[in-house]
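# Structure assessment
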Amino acid sequence: MIATPNILAPLHDILPLAKEEARISFIGSRSFLLEAPGEFDLPAQRWIWALSQTIGNWPDVAEIIPGMTNLLTIFKETPDDPDSVVGRLLDAWNSARSVDLAGKTIEIPVHYGGEYATDLAAICDFSGLSDREVVRLHHEATYRVFALGSAPGFGYLHGLDPRIYMPRKTVPSIRMEKGCVTIGGMQTGVAMLTGPNGWNSLGHADLQMFDPASSVPALMAPGDIVRFVPARIEL
């Protein structure tokens, strides 16, 4: 594994585009979920990153949780006027300018195929591609960490080649091993825990992605660039 720092993206890559109105939902009495409209893409996520920086400084906010083109804002107290909070969030969204995060580059060695690639055949059937072509398209792509969640240290990675899109399972696998490299819809990732999992495994990464004893427990962070490097291909 190699982790190296990156510089900010060139300005012409992060200039804001026209934004549509965001959607806001109530999650309990103190929490509001803002969802970016439009495509599930990097421009939308850059607005979410910008919004996180703004709202995270509000004195009445207890916590913010950036997600995949969405942001959950948890207030310290139940607002007396929820509609005014919605207005504040929409104003912040409308005024947010696109930003990029200066992350690092992470290379993850992967054993493609073999005993952990329990869903590679299904990915091939769905895509109409050979196993070698699926593996090639997966490891040749460059991915961006949009957000962390689901399990400690799990990174939601954007950048999957649409030719190997694979829906999540309607019935999850009962036991998928920690370290399995998976595809779920248009996302890919590395399983953090052994247990039930609805994503589709095509290989395994023997790399510690989360260390609770470390000063920085999670290997990945939003904005990081991730590349999967074939350490072994067993097809």
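All values derive from a computational prediction rather than experimental measurement.

### Here's the deal with a negative patch on the surface
A grouping of Glu 77, Asp 80, Asp 81 and Asp 83 is seen on the molecular surface, where their side chains present a negatively charged patch. The exposure class of Asp 80 is exposed, given its relative accessible area of 83%.

### Things to note about the packing of aromatic side chains
Applying the stated criterion across every chain yields a total of nine aromatic pairs. With a centroid separation of 5.6 Å and 85 degrees between ring planes, the pair formed by Phe 32 and Phe 75 is classed as edge-to-face. A residue pair is termed long-range when its members are at least 10 positions apart, and Phe 32 in strand 3 (residues 31-35) and Phe 75 in strand 5 (residues 70-75) qualify at 43 residues. Each member of the pair, Phe 32 as well as Phe 75, is classed as buried. One aromatic cluster is present, formed by Phe 26, Phe 32 and Phe 75 through successive ring pairs. Geometry around Trp 58 places Arg 88 over its ring, the cationic atom sitting 4.1 Å from the centre.

### Description of unusual backbone geometry
Even without being glycine, Thr 69 reaches a positive phi, approximately 55 degrees. Tracing the backbone through its elements, the reader meets Thr 69 in the loop between strand 4 (61-66) and strand 5. According to the relative accessible area criterion, Thr 69 is buried, its value standing at 10%. Within the chain, Ser 150 stands out as a residue other than glycine whose phi angle is a positive 70 degrees. Taking the relative accessible area as the measure of exposure, Ser 150 reaches 69% and is therefore exposed.

### Quick word on the packing of helix 2 (residues 42-55) against helix 3 (residues 82-95)
The geometry of helix 2 relative to helix 3 is characterised by a closest axis approach of 9 Å and an angle of 125 degrees between their N-to-C directions. One way to sum up the angle between helix 2 and helix 3 is to call them oblique. Taken as a pair, helix 2 and helix 3 cross one another with a handedness that is right-handed. Along the contact surface, helix 2 presents Trp 47, Ile 48, Leu 51 and Ile 55, while helix 3 presents Leu 89, Ala 92 and Trp 93.

### Here's the deal with the pattern of salt bridges
Here the idea is simple: oppositely charged side chains can pair when their charged atoms come close. Applying the stated criterion to the full structure yields eleven salt bridges. Two residues, Lys 169 and Asp 119, come together in a salt bridge whose shortest N-O distance is 3.0 Å. Of this pair, Lys 169 sits in the loop between strand 8 (155-158) and strand 9 (173-176) while Asp 119 sits in the loop between strand 6 (104-113) and helix 4 (120-127), and the two are 50 residues apart along the sequence. An identical accessibility class is assigned to Lys 169 and Asp 119; each is buried. One salt bridge connects Glu 133 with Arg 136, and the closest N-O pair in it is separated by 2.5 Å. Here the residue Glu 133 and the residue Arg 136 both occupy positions in helix 5 (residues 131-140), the gap between them amounting to three residues, near one helical turn.

Criteria and cut-off values
- Residues numbered from 1 in each chain as written.
- Predicted model: local features only at pLDDT ≥ 70, side-chain atom pairs only at ≥ 80, totals over all residues.
- Heavy atoms only, no water.
- Patch = residues over 30% accessible without salt bridge, like charges linked within 9 Å, V, L, I, M, F, W, Y side chains within 5 Å.
- Areas by Shrake-Rupley, 256 points an atom, 1.4 Å probe, with all protein chains shown as cover.
- Salt bridge = Lys/Arg side-chain N within 4 Å of Asp/Glu carboxyl O.
- Lys, Arg positive; Asp, Glu negative; His and termini not counted.
- Charge placed at Lys NZ, Arg CZ, Asp CG, Glu CD.
- Buried < 20%, exposed > 50% of the residue type's maximum accessible area, 1.4 Å probe, protein only.
- Phe/Tyr/Trp six-rings, centres within 6.5 Å; stacked < 30°, edge-to-face > 60°.
- Helix = DSSP H or I, 4+ residues; strand = E, 2+ residues; numbered from the N terminus.
- Lys NZ or Arg CZ within 6 Å of the ring centre and 35° of its normal.
- Axes fitted to C-alpha atoms, helices over the stretch in contact; angles between N-to-C directions.
- Parallel < 35°, antiparallel > 145°, perpendicular 65-115°, else oblique.
- Left-handed = near helix turned anticlockwise from the far one by under 90°.
- Contact = heavy atoms within 4.5 Å.

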